Amino acid sequence: MNEKIELIKDGKRLDGRRFDEIRDISMKVGVLKKASGSAYIEWGKNKVLAGVYGPRELHPKFLQNPTRALLRCTYNLAPFSVDDRKKPGPDRRSVEISKVTAEALESVVMVERYPNTVIDVFMEVLQADAGTRCVGLTAASLALADAGIPMKDLVSACAAGKVDGEIVVDLMKEEDNYGECDLPLAVIPRKNEVVLLQMDGKLTREEFDKTYRLALNGAMKVYEMQKETLKARIEHIMGEDNGY
Ligand code: UDP
């Protein structure tokens, strides 16, 4: 996949988006009956499911921490989620994404409320088209909220990068593959605090500032959608005939 393709034509991207336009996103929570909390996001061609189990007692016991819960994240790219079948099971990439996701979520989840326990967060990528770590993190944060686990805020994520010399938001697969740089970002929106920032490629200082601003803007839009999704879920539950 190394031959160069034209990613920007007449000021538009391959899928017709403007440089500052994120892909279409739809979100749902409470999609899994047996999980403590769950969320499903379609973000462009990405499809990601997140499920939370816990908090529950952590085993083996020597892993327990009497001052806090262990927040354990597992990111998995399904074998059928990409063009070239992905070998099932963990690899370096999934271990890295699981780790940075846990670190990002630890900034908001009140882990000190649940000593000696584990909170398991699973992110299953069913279909991938670049930006899956941002989608996974966004879904995981919604699933934790759906599980009723106390959090200081949500975590919202979006990437931006450089494609054919232009700074654009929310890269899709072709842009990620053939572009010059991809910069995924996750924030705690209310505090404007960065909890994940990675960069694959090179940018000048000015380009970095612009890319960062675009990604932040994207994450803020995602935050609004997350809040709407949770509000709609609560209204739905309140409106249900529960026998009272
Ligand atoms: N990808 C793939 N096979 C793999 C890993 C990744 O086809 O084994 C694709 C997938 O579409 C993914 C994209 O490459 O979304 C970009 O991957 P990256 O590691 O940059 O993470 P992401 O952008 O998804 O967070």
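In the block above lies the structure referred to throughout.
Worth saying up front: this structure is predicted, and the values here are computed from it rather than measured.

Novice: Could you give an account of the nonpolar core, with specific residues and numbers?
Specialist: Within the largest apolar cluster, 62 residues are counted, with the highest numbers of intra-cluster contacts made by Ile41, Leu105, Val109, Ile119, Val121 and Leu144. Setting aside anything within four residues of it in sequence, one finds Val121 in contact with Gly51, Val52, Leu71, Arg72, Cys73, Thr74, Ala140 and Leu144. Among the nonpolar cores identified, the runner-up in size contains 6 residues, and Leu7, Val163, Val168 and Tyr178 belong to it.

Novice: Give a description of the layout of surface pockets that names residues and reports values.
Specialist: Its volume calculated, the largest pocket comes out at about 430 Å³. Contributing to the lining of the largest pocket are 20 residues, with Arg93, Ala130, Gly131, Arg133 and Asp176 lying nearest its centre. Sorting the residues of the lining of the largest pocket by element identifies helix 1 (92-106), helix 2 (132-146), helix 3 (173-178) and strand 10 (181-188) as the ones contributing at least two each. Looking at side-chain class alone, the lining of the largest pocket contains 8 nonpolar, 4 polar and 8 charged residues.

Novice: Lay out the site of the ligand with the relevant residues and their values.
Specialist: Taken together, Leu77, Val82, Lys86, Arg93, Ala128, Asp129, Ala130, Gly131, Thr132, Arg133, Lys173 and Asp176 make up the full set of residues near the ligand. Contact between the ligand and Arg93: an oxygen atom at 2.7 Å from a side-chain N or O atom of the residue. Here Gly131 contributes a backbone N or O atom positioned 2.8 Å from an oxygen atom of the ligand. Taken by itself the ligand offers 510 Å² of open surface, and the protein chains cover 78% of this. Under a 2 Å grid-point criterion requiring more than half of the atoms, the pocket assigned to the ligand is the largest pocket. Listed by contribution, the elements that provide at least two residues to the shell around the ligand are helix 2 and helix 3. Residues that form the shell around the ligand fall into these classes: 4 nonpolar, 2 polar and 6 charged.

Novice: Describe helix 1, listing the residues and the values that go with them.
Specialist: Its 15 residues give helix 1 an end-to-end C-alpha distance of 21 Å, which sits within 8% of 21 Å, the value for a rise of 1.5 Å per residue. Where helix 1 is buried, its residues touch strand 6 (70-77), strand 7 (117-127), helix 2 and strand 11 (193-197).

Novice: Can you lay out the environment of Gly218 for me, pointing to particular residues and giving the numbers?
Specialist: Take Gly218: it is sitting in helix 4 (residues 205-239). Separated by 110 residues in sequence, Gly218 and Val108 place their C-alpha atoms 20 Å apart. Look past the residues within four positions of Gly218 in its chain and what remains in contact with it is Ile22 and Cys158.

Novice: Mind laying out the packing of helix 1 against helix 2, listing which residues take part and the relevant values?
Specialist: It is the contact of helix 1 with helix 2, at a shortest axis distance of 10 Å, that shows an interaxial angle of 45°. Considering their axes alone, helix 1 and helix 2 lie oblique with respect to each other. Every pair of crossing elements has a handedness; the one defined by helix 1 and helix 2 is right-handed. Between helix 1 and helix 2, the contacting residues are Arg93, Glu96, Ile97, Thr101, Ala104 and Leu105 on the first element and Thr132, Arg133, Leu137, Ala140, Ser141 and Leu144 on the second.

Novice: Just give me the short version of the side chain of Thr101, but keep the residues and values in it.
Specialist: Inspection of the secondary structure assignment puts Thr101 in helix 1. Judged by its relative accessible area of 1%, Thr101 is buried. Within polar-contact distance, the side chain of Thr101 engages the backbone oxygen of Ile97 at 2.6 Å. Aside from chain neighbours lying at most four places away, what touches Thr101 is Cys73, Met123 and Leu137.

Novice: Go over the pattern of salt bridges with me, naming the residues and quoting the values.
Specialist: Summed over the entire model, instances satisfying the criterion amount to 22 salt bridges. Among the ionic pairs, Lys99 bridges to Glu103, the shortest N-O distance being 2.7 Å. One end of the pair is Lys99 and the other is Glu103, both in helix 1 and 4 residues apart, which spans about a single turn. Several salt bridges converge on common partners, so that one network encompasses Arg13, Asp15, Arg17, Arg23, Asp129, Asp170 and Glu175.

Parameters and conventions
Residues numbered from 1 in each chain as written. Predicted model: local features only at pLDDT ≥ 70, side-chain atom pairs only at ≥ 80, totals over all residues. Heavy atoms only, no water. Core = buried A, V, L, I, M, F, W, Y, C linked by side-chain atoms within 4.5 Å. Buried < 20%, exposed > 50% of the residue type's maximum accessible area, 1.4 Å probe, protein only. Contact = heavy atoms within 4.5 Å. 1 Å grid on protein atoms, 1.4 Å probe; cavity = no way out; pocket = protein on both sides within 12 Å on 5 of 7 lines; lining within 4 Å. Points joined across faces, edges and corners; volume = space filled by probe spheres on them. Helix = DSSP H or I, 4+ residues; strand = E, 2+ residues; numbered from the N terminus. Nonpolar A, V, L, I, M, F, W, Y, C, P; charged D, E, K, R; others polar. Near = heavy atom within 4 Å. Polar contact = N/O pair within 3.5 Å; in protein donor to acceptor, adjacent residues only side chain to side chain. Areas by Shrake-Rupley, 256 points an atom, 1.4 Å probe, with all protein chains shown as cover. Sits in = over half its atoms within 2 Å of the grid points. Expected span 1.5 Å × (residues − 1). Axes fitted to C-alpha atoms, helices over the stretch in contact; angles between N-to-C directions. Parallel < 35°, antiparallel > 145°, perpendicular 65-115°, else oblique. Left-handed = near helix turned anticlockwise from the far one by under 90°. Salt bridge = Lys/Arg side-chain N within 4 Å of Asp/Glu carboxyl O.

Treat this as a map of the structure, not an account of what it does.
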